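Tertiary structure, described
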Amino acid sequence: MDEQDRVAAFVDDNDLSAPPAYRLLDLASELGEVAKELNESTAYGSDPERAAVAEDELGDTLFALLALCSELDVDAGEALETALAKYESRLDDAETPASGE
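1. Details of the nonpolar core
With 6 residues, the main nonpolar core is built from Val7, Val11, Leu66, Ala67, Cys69 and Ala76. Residue assignment for this core shows that the elements contributing at least two residues are helix 1 (2-13) and helix 3 (55-71). Take this core: its biggest share by element is 3 residues, from helix 3. Setting aside chain neighbours within four positions, we find Cys69 in contact with Gln4, Val74 and Ala76.

Listed below in structure tokens is the structure:
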């Protein structure tokens, strides 16, 4: 995935390497910021049509996820393909993408 390579290069060029546990904390923090924006923009679910999240917040979350993938030596594109195949199989078998757990 080109985006993952760009993130990895940025991390390397700026000496921002971090252990996976720290990358996971960063990802959770960024996702929390997305959740906060969604909660606030929808008046905590009262007005779902007003859902809004700033593009840079989603970008921060994506950056954190791709950095985590790189630290774990996981190809994000391959992981996405695996997940899509899993969801397609579930839809074929049970007509829902949910795991049923």
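2. Quick look at the packing of aromatic side chains
Within this structure, the stated rule accounts for 1 aromatic pair. Centre to centre, the rings of Phe10 and Phe63 are 5.9 Å apart; their planes meet at 85 degrees, and the pair counts as edge-to-face. One end of the pair, Phe10, is in helix 1; the other, Phe63, is in helix 3, with 53 residues separating them in the sequence. A relative accessible area of 43% places Phe10 in the partly exposed class. Residue classification places Phe63 among the partly exposed residues on the basis of a relative accessible area of 27%.

3. Notes on helix 4 (residues 76-94)
The end-to-end C-alpha distance of helix 4 is 26 Å, a good match for the 27 Å that 19 residues give at a rise of 1.5 Å each. For helix 4, the side-chain oxygen to backbone nitrogen distance between the N-cap and Gly77 is 2.9 Å, and the N-cap itself is Asp75. Backbone geometry just downstream of helix 4 places Glu95 in the positive-phi region, at approximately 60 degrees.

How each quantity is defined
- Residues numbered from 1 in each chain as written.
- Predicted model: local features only at pLDDT ≥ 70, side-chain atom pairs only at ≥ 80, totals over all residues.
- Heavy atoms only, no water.
- Core = buried A, V, L, I, M, F, W, Y, C linked by side-chain atoms within 4.5 Å.
- Buried < 20%, exposed > 50% of the residue type's maximum accessible area, 1.4 Å probe, protein only.
- Helix = DSSP H or I, 4+ residues; strand = E, 2+ residues; numbered from the N terminus.
- Contact = heavy atoms within 4.5 Å.
- Phe/Tyr/Trp six-rings, centres within 6.5 Å; stacked < 30°, edge-to-face > 60°.
- Expected span 1.5 Å × (residues − 1).
- Polar contact = N/O pair within 3.5 Å; in protein donor to acceptor, adjacent residues only side chain to side chain.

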